[in-house]
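Single-letter residue listing:
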Amino acid sequence: MTTATQPLLSVRDMTKVYPARRRGSAPVRAVDGISFDVAPGETLGLVGESGCGKSTTGRTIVRLLEPSSGSIAYDGHDISHLSQRELKPLRREIQMVFQDPHSSLNPRQTVARIISDPLLVQGSSAADARRRAAELMELVGLIPEQIDRFPHEFSGGQAQRIGIARALATGPRLVIADEPVSALDVSVQAQIVNLMERLQQELGLAYLFIAHDLSVVKRVCDRVAVMYLGRIVEIGAKERVYTAPAHPYTRALLSAVPLPDPAAERARERITLLGDPPSPAAPPPGCTFHPRCPKAQDKCRSEAPVLRIAAPGEARQVACHFPEAA
Ligand code: SF4
């Protein structure tokens, strides 16, 4: 049973390593020993550049991918080694929303079938599943009378609402949302974010919200974890991370987020990162961020920083030998 202090999701030292593809090449450590919790009803944002391992993290948690090591606990129970059959009851509780709504929906199935499927798998009758699908369409702002239409008859935003309805069909407590708005127009993004916020309040959902857009994450999350090359480099309360980022990578990402006030936008300092992220198959020694870090010193090139409390009295953690004063 979950207590007020027990996390709903607890990930510890999780890795996802892909074996070397060719002789002589190295394994790819897509996720390299990450740990975090998600509390009931909370939204944790997981941010970072493309290829940093954030989507792999989400897919590994829902066991679309098998973790290489570490543990994943849901509601206090280790689920990292459960068979797919043993995972079946848990599929009700943990659901996923994907980036591209149209490609994540079967074009040959009606909306009724798409939303009903998880319920049928869990043993609902066809009539009950269809009735529930219509209710879910209404819940996510779709017209239930359109239940027998096909995905291509809906816009991108509407298709994402179908994806959300499908995710909610089994009454989950945790939703892993993998870039849920990044394929949508900006105006539609706000509608989907509003919808997800409303659903969270009404249904008490917890979200792991994966995104590269820090503006969107700022809007929706309670805490934020910043990933770089498979590792979490900073994690803490949104207010602290956004107003006083301690890791140079977080500072650089935030310095690229446009500000609504043109004067503030002109006045602020932009931090330009050098080059692209290195390959996770050949990470640099020491701090893996050092080739791009404007603050790198000798120690950074030989010694990997561990995640530790950023400043006395706060829960935020940062992996940097020389963090910004918090
Ligand atoms: Fe930069 Fe060094 Fe901190 Fe790494 S440990 S982020 S290279 S200052």
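Residues numbered from 1 in each chain as written. Predicted model: local features only at pLDDT ≥ 70, side-chain atom pairs only at ≥ 80, totals over all residues. Heavy atoms only, no water.

Looking up the protein in an unreviewed UniProt entry gives the name ABC transporter ATP-binding protein, with the organism given as Streptomyces noboritoensis. Entered under Sequence similarities (unreviewed entry) in the UniProt record, the comment concerning the protein runs "Belongs to the ABC transporter superfamily." (UniProt positions renumbered as here; feature names shortened; annotations may be inferred.)

A separate point is the overall build of the protein. The number of helices and strands found in the protein is twelve helices and twelve strands. Taking 326 residues into account, the globule formula puts the C-alpha radius of gyration at 20 Å, and the protein, at 21 Å, falls close to it. When the backbone C-alpha atoms are referred to their principal axes, the protein occupies close to 65 × 50 × 45 Å. A separation threshold of at least 6 residues defines the contact pool for the protein, and within that pool the share at least 24 residues apart is 63%. Summing over all exposed atoms, the protein offers an accessible surface of approximately 15,500 Å²; the carbon and sulfur share of this is 52%. When the 39 positive and 35 negative side-chain charges of the protein are each reduced to one mean point, those points stand 4 Å apart. (Helix = DSSP H or I, 4+ residues; strand = E, 2+ residues; numbered from the N terminus. Rg over C-alpha atoms; globule rule 2.2 N^0.38 Å. Contact = heavy atoms within 4.5 Å. Areas by Shrake-Rupley, 256 points an atom, 1.4 Å probe, with all protein chains shown as cover. Lys, Arg positive; Asp, Glu negative; His and termini not counted. Charge placed at Lys NZ, Arg CZ, Asp CG, Glu CD.)

Of all hydrophobic cores here, the largest spans 59 residues; its most connected members are Ile115 and Ile164. Contacts of isoleucine 115, omitting those with residues within four sequence positions, involve Ala133, Leu136, Met137, Ile162, Ala165, Arg166 and Ala169. Listed in part, the 29 residues of the second largest apolar core include Met14, Val38, Leu46 and Ile235. (Core = buried A, V, L, I, M, F, W, Y, C linked by side-chain atoms within 4.5 Å. Buried < 20%, exposed > 50% of the residue type's maximum accessible area, 1.4 Å probe, protein only.)

Inspection of the secondary structure assignment puts arginine 268 in the loop between helix H11 (262–267) and helix H12 (298–302). The contact partners of arginine 268, leaving out residues within four places of it in the chain, are Leu254, Ser255, Ala256, Val257, Pro258 and Leu259.

Around the ligand, a shell composed of 13 residues is seen, among which Cys287, Cys293, Cys300, Cys320 and His321 lie nearest. The class makeup of the residues in the shell around the ligand is nine nonpolar, three polar and one charged. (Near = heavy atom within 4 Å. Nonpolar A, V, L, I, M, F, W, Y, C, P; charged D, E, K, R; others polar.)

On to the sheet that holds strand S5 (residues 77–78), then. The antiparallel open sheet is built from four strands, whose spatial order is S2-S1-S4-S5. The open sheet terminates on both sides in strands that have one partner only, identified here as strand S2 (28–38) and S5. Sheet topology places strand S1 (residues 9–18) next to strand S4 (residues 69–74); five bridges connect them, and they run antiparallel. Within S4, the position partnered with valine 11 by the bridge is isoleucine 72. On top of the sheet, helix H1 (residues 54–61) reaches S1, S2 and S4; it is set at about 115 degrees to S1, its chief contact. (Pairing = 2+ DSSP bridges. Axes fitted to C-alpha atoms, helices over the stretch in contact; angles between N-to-C directions.)

For the rest of this paragraph, the subject is helix H5 (residues 126–139). Its 14 residues give H5 an end-to-end C-alpha distance of 20 Å, which sits within 8% of 20 Å, the value for a rise of 1.5 Å per residue. If you follow the buried residues of H5, they end up packed against helix H4 (111–121) and helix H6 (156–168). One or two steps after H5, the chain reaches glycine 141, where phi turns positive at roughly 85 degrees. (Expected span 1.5 Å × (residues − 1).)

Looking now at the sheet that holds strand S8 (residues 206–211). Within a sheet, each strand pairs with its neighbour through backbone hydrogen bonds, oriented either parallel or antiparallel. A sheet is described by the order of its strands in space; here eight strands give the open sequence S6-S7-S8-S3-S9-S10-S12-S11, paired in mixed fashion. If you trace the sheet from one side to the other, it starts and ends with strand S6 (94–97) and strand S11 (308–309), each paired once. Note that strand S9 (residues 223–228) and strand S10 (residues 231–237) share six bridges and pair antiparallel. Bridge assignment links valine 224 to a residue of S10, and that residue is glycine 236. Packing against the sheet, helix H7 (residues 186–203) makes contact with strand S3 (43–47), strand S7 (174–178) and S8, and its axis sits at approximately 160 degrees to S8. Its contacts with the sheet place helix H10 (residues 248–255) against S9 and S10, and it is angled at close to 105 degrees to S9.

To continue, consider the packing of aromatic side chains. Taken as a whole, this structure holds three aromatic pairs when the rule is applied. Ring centres of tyrosine 249 and phenylalanine 289 lie 5.3 Å apart, and the angle between their planes is 65 degrees; on these two criteria the pair is classed as edge-to-face. Taken together, the residues span a long stretch of sequence, with tyrosine 249 in helix H10 and phenylalanine 289 in the loop between H11 and H12 at a distance of 40 residues. Grouping aromatic residues by their ring pairs yields a cluster made of Tyr228, Tyr249 and Phe289. Above the plane of the ring of tyrosine 18 lies lysine 16, whose end atom (NZ or CZ) is 5.2 Å from the centre. (Phe/Tyr/Trp six-rings, centres within 6.5 Å; stacked < 30°, edge-to-face > 60°. Lys NZ or Arg CZ within 6 Å of the ring centre and 35° of its normal.)

Take H4 next. Within H4, the full set of buried residues consists of Val111, Ala112, Ile114, Ile115, Ser116, Pro118 and Leu119. Of the surrounding secondary structure, the elements contacted by the buried residues of H4 are H5 and H6. At the C-terminal side of H4, glycine 123 shows a positive phi close to 105 degrees.

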